[in-house]
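Analysis of the macromolecular model
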Amino acid sequence: MLTIDCKDVLSIKNELLVYVSDQVAAIPTLKNKQFTLSTLDDDEILETSTVISAIKEFLNSIGENHNFAVISNNDTISITSITGKIIERDSHSSQHEMFSCTHCGFVTQYQVELNVHMRIHYL
């Protein structure tokens, strides 16, 4: 499991989570100022270099690759501002609460939808 620290890019954390988890085929779990990625199979190992490349690709796609460093330290990857800049987005569209299934990583912005989804794991 890898932890991605997003304290300097909180406003784009959800978009980043979706992009990176799709690129590396991992199960994401949202946390307060970070997210974690787990493999689909417990025997597999997430390649840190692949995750870092996906993060850099995302930052490049939004034109922020020169303002942030992606630093790996054991099982933690930090996205750190080089210039002191913090990415700010329109708070109306980026501050929605997101809920994540602890079993499979399914993400939704509706608590009721998550509750219905969680039931399938107990059938």
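Up top is the structure these notes are about.
Everything in this summary refers to the structure shown in the same document. (Residues numbered from 1 in each chain as written. Predicted model: local features only at pLDDT ≥ 70, side-chain atom pairs only at ≥ 80, totals over all residues. Heavy atoms only, no water.)

**Here we look at the packing of aromatic side chains**
- If you walk through the whole model with that rule in mind, you get 1 aromatic pair.
- Arranged with centres 5.7 Å apart and planes meeting at 45°, the rings of Tyr 19 and Phe 58 form a pair that is tilted. Here Tyr 19, found in helix 1 (residues 13-24), pairs with Phe 58, found in helix 2 (residues 48-61); they are 39 residues apart in sequence, far enough to count as distant. (Phe/Tyr/Trp six-rings, centres within 6.5 Å; stacked < 30°, edge-to-face > 60°. Helix = DSSP H or I, 4+ residues; strand = E, 2+ residues; numbered from the N terminus.)

**Notes on the sheet that holds strand 2 (residues 27-30)**
- Judged by pairing direction, the sheet is mixed, and its 5 strands sit side by side in the order 2-3-1-5-4 without closing on themselves. Sheet topology places strand 2 and strand 4 (68-73) at the edges, where each strand pairs with a single neighbour. Taking the axes of each pair of neighbouring strands and ignoring which way they run, one obtains an average angle of 20° across the sheet.
- Pairing of strand 4 with strand 5 (residues 76-81), which is carried by 6 bridges, proceeds in the antiparallel orientation. Each bridged residue has a counterpart across the sheet, and for Phe 68 the counterpart in strand 5 is Ser 81.
- Sitting on the sheet, helix 1 is in contact with strand 2, strand 3 (34-38) and strand 5, with an inclination near 15° to strand 3.
- Along the sheet, helix 2 contacts strand 1 (2-5), strand 3, strand 4 and strand 5; its crossing angle with strand 4, the most-contacted strand, is approximately 165°. (Pairing = 2+ DSSP bridges. Axes fitted to C-alpha atoms, helices over the stretch in contact; angles between N-to-C directions. Contact = heavy atoms within 4.5 Å.)

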